[in-house]
Structure formats: structure tokens, C-alpha cells
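Next come the chains, spelled out residue by residue.
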Amino acid sequence: MSVKVDIRVPVGRPLREVADFIARCEDAGFNGVGVHDHHHTGRDVYVALALAAERTSRLTLYPATSNAVTRHPLVLAALGNSVAELAPGRFLLSLAPGFLSVERAGEPQARRAHLRETVRTVRSLLRGENTPLGARETVLTHPVTPSPEVYVLAAGPRMLELAGEVADGVMMFVGLHPDAVRVARDHVAAGARRAGRDPASIKEIFIVTTAVGPFEETREWPRREFREGQSFLTYPSRANLRWLREAGIDLADDHRPGDISPELAAKICDAYGLFGPAEYCAERLLRAREEIGRGDDLHVFFFPAHTFASGYDLPETDVTAFAKTIGPRLGGS
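Just so we're clear, the structure is a prediction, and the values are computed from it rather than from any experiment.

A. Focus on helix H6 (residues 157-166). Burial analysis of H6 places nine of its 10 residues in the buried class, the great majority of the element. Buried residues in H6 make contact with helix H5 (112-126), strand E8 (149-154), strand E9 (169-172), helix H7 (178-194) and helix H9 (239-246).

Here's what the structure looks like:
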């Protein structure tokens, strides 16, 4: 079994610098890079990915994630098709109801029915099929081969079922505890079966919150706020608490982060993600491979821990740790 590791890179620097950093991620040994789609930065994720496609040769590239509110399905398909043309066989499209971009646009998050229809439409367009759009049918004139896969980011049970129903894969934000993962997979399988699909055909990427450093520093994250009035453990969704409960850790929806004891914080960190020195993070991933790996691999997406204020900092620490310690340990396993 192998462990594939992708990492989140924000558009927090000028686009050419972001593309150069993504090239460093390839040099560090990552499998892929997901760049967040935040319009309010004034920097477009698909421009960043296009530049990165020209600077890399192996990395899988994708937005992490685009939403179904601020971009029309035809626009999403054209953007995804364009980057896939620049990076043949190494682009995927990931979609979600939306968070900060939708919030900044003054719009509500996409309802599940809207997201379901968007995923179906975009997948159809990317495959070069005649696709209903409004009162007519539309087809992409120059679809690439192979067509990009479409993943859905899912944190709650209904979103997991939607992913199983309509997507090629699911980016699961459920932690690493095997009991939580088992329940989450049951939801994906339920959606797949409802649509007459084979649950085993739905690919998986586990979103794993990471904080690389001494235990006494990194395990303080559950005791902090993401932004005023919102605990770290309820970002980006309160569904995080559901999966912690599946892991045997019961926190109230309105818990006060500062009331979490250091001992409980350590248990939360072990179930929730990777919090500790690089050597520990590597061993935790190897344990996860044994506990939740499916088929011949485990695919994870590093989501570096951050606050609202630090969300656009480049993940220098994670990339250095992966290049020097985590990647070689995984490769040598």
C-alpha cells in the first residue's frame, strides 16, 4: 500500500510566486496541489493553476474548491477543460457548496439540489456530451481526453451521500479515526447505491488538518478560535464535531475552546489530523494507511491549520517537513 499526499496552497502571494511555490511542492515529492478558489483575493485560482501547469510535469492540480454559486456550470467546465489541456491527465475539478467566496459575494451557500445538478452538468460537459442547459443543449467544442474527474468536498452525511450519488470522487473532511471513516464511507456507499453505482468506484481523498511542530504547540489548536465567535473545530463546518463523536469524543456544538483540557486536546488531535513533529506525522499517516487504507493506497490532502487571519500564508513548514522527513519516511515504508 502507498500513501499519496496532496497539499493546500492559498493564493496569498502574486500569482507567479504561487506557481513557483507549487513547483517547489512537486520538488518536495507531493502527489498533488489544491489551490483555494477565493475570488475576493483578486487572484483567480484557474490562472494560478494554468501557470503551475507550465512549471510542473507530475503534480495533480485542482481548485480546492470551486463552488456552484459564483461560477456557471458551463464556465466551470470550460475552465477545467482548459487547465486539463495544459496538464493532460493531471487535473481534477473539485466542487463544494461554497464558504468564504460565497460569503464575500453576499450569497448563500449552494443547496444540495443545486450542487447535485451542477456536478452532473459539469461532468457531462467535460465528457463532450450534449448537455441540457436551460432551454437548449450545449456541448464543449474542444473537450480534452482524458476528461477531468469531478470530486465533491463533503463534511456532513448528506453531502457524503451526494458525492456517492453523482461524483467521480469525494474529498472527505471526517478526520482519520477508523470509526468515523467507517460511518462516512457508509454514507458515500448509500448515495452510490441509490444511484445504481458501485460504491467501490467512488475515489477518496481524506482532508487532513496538519500542524507540524512540537506537541506542546501544535496540540493547542483545538483550544483556539478560527475567528471571533467560531471555534477552530467548527471550521469550515460543525460536522467536524459529528466525526469526533464517532471517534468517542463528545463536544457540544457551542463548546468553548479554552475549556478543552490539554489531555482532551491531544485525543482530538490524534482523531482529527496530524499535529506534532514531522516524524510523528509520518508515523500517524502510516498508521492511518493500515487502519483506513482502501485497495492499494491512501490518498490524503494536507490542510495546514490556520486562522481567518493566517489563511493566506504559504505552508512553508509543511512543505519543508514533507521534503525532509515525511515524504522519505512514507517512500521508505
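B. Representation of the packing of aromatic side chains in the model. What the rule picks out here adds up to 13 aromatic pairs. Here the aromatic residues Phe173, Trp221, Phe226, Phe232, Tyr235, Tyr272, Phe275, Phe303 and Phe308 are joined through ring pairs into a cluster of three or more. Against the face of Trp221 rests Arg224, its NZ or CZ located 4.6 Å from the ring centre. Above the ring of Trp243, the side-chain terminus of Arg242 is found at 5.4 Å from the ring centroid.

C. Region of interest: the environment of Thr56. Within the secondary structure, Thr56 sits in the loop between helix H2 (45-55) and strand E3 (60-63). A relative accessible area of 7% places Thr56 in the buried class. On a C-alpha basis, the gap between Thr56 and Phe232 in space is 33 Å, while along the polypeptide they are 176 residues apart. In contact with Thr56, not counting residues within four places along its chain, are Ile22, Ala23, Glu26, Leu61 and Arg90. A polar contact is formed between the side chain of Thr56 and the backbone oxygen of Ala52, at a distance of 2.8 Å.

D. Structural view of the pattern of salt bridges. In the structure shown here, the tally under the stated rule is 23 salt bridges. One salt bridge in this structure joins Glu204 and Arg294, with 3.5 Å as the shortest N-O distance. Separated by 90 residues along the polypeptide, Glu204 in strand E10 (residues 203-212) and Arg294 in the loop between helix H11 (278-292) and strand E14 (297-304) bring together distant segments of the chain. Given a relative accessible area of 13%, Glu204 falls into the buried group. For Arg294, a relative accessible area of 32% puts it in the partly exposed group.

E. Quick look at the environment of Val33. Examined against the element boundaries, Val33 turns out to sit in strand E2 (residues 32-35). Its relative accessible area of 0% is what places Val33 among the buried residues. Linking Val33 and Gly175, residues 142 residues apart in sequence, is a C-alpha distance of 19 Å. With residues up to four places along the chain from it excluded, the contact list for Val33 reads Asp6, Ile7, Val9, Ile22, Cys25, Leu59, Thr60, Leu61 and Tyr62.

F. A look at the nonpolar core. Formed by 111 residues in total, the largest nonpolar core has its most connected members in Phe30, Phe302 and Ile326. Setting aside anything within four residues of it in sequence, one finds Ile326 in contact with Ala278, Cys281, Ala282, Leu285, Phe302 and Ala321.

Thresholds applied
Residues numbered from 1 in each chain as written. Predicted model: local features only at pLDDT ≥ 70, side-chain atom pairs only at ≥ 80, totals over all residues. Heavy atoms only, no water. Buried < 20%, exposed > 50% of the residue type's maximum accessible area, 1.4 Å probe, protein only. Helix = DSSP H or I, 4+ residues; strand = E, 2+ residues; numbered from the N terminus. Contact = heavy atoms within 4.5 Å. Phe/Tyr/Trp six-rings, centres within 6.5 Å; stacked < 30°, edge-to-face > 60°. Lys NZ or Arg CZ within 6 Å of the ring centre and 35° of its normal. Polar contact = N/O pair within 3.5 Å; in protein donor to acceptor, adjacent residues only side chain to side chain. Salt bridge = Lys/Arg side-chain N within 4 Å of Asp/Glu carboxyl O. Core = buried A, V, L, I, M, F, W, Y, C linked by side-chain atoms within 4.5 Å.

In short, geometric facts, not functional conclusions.
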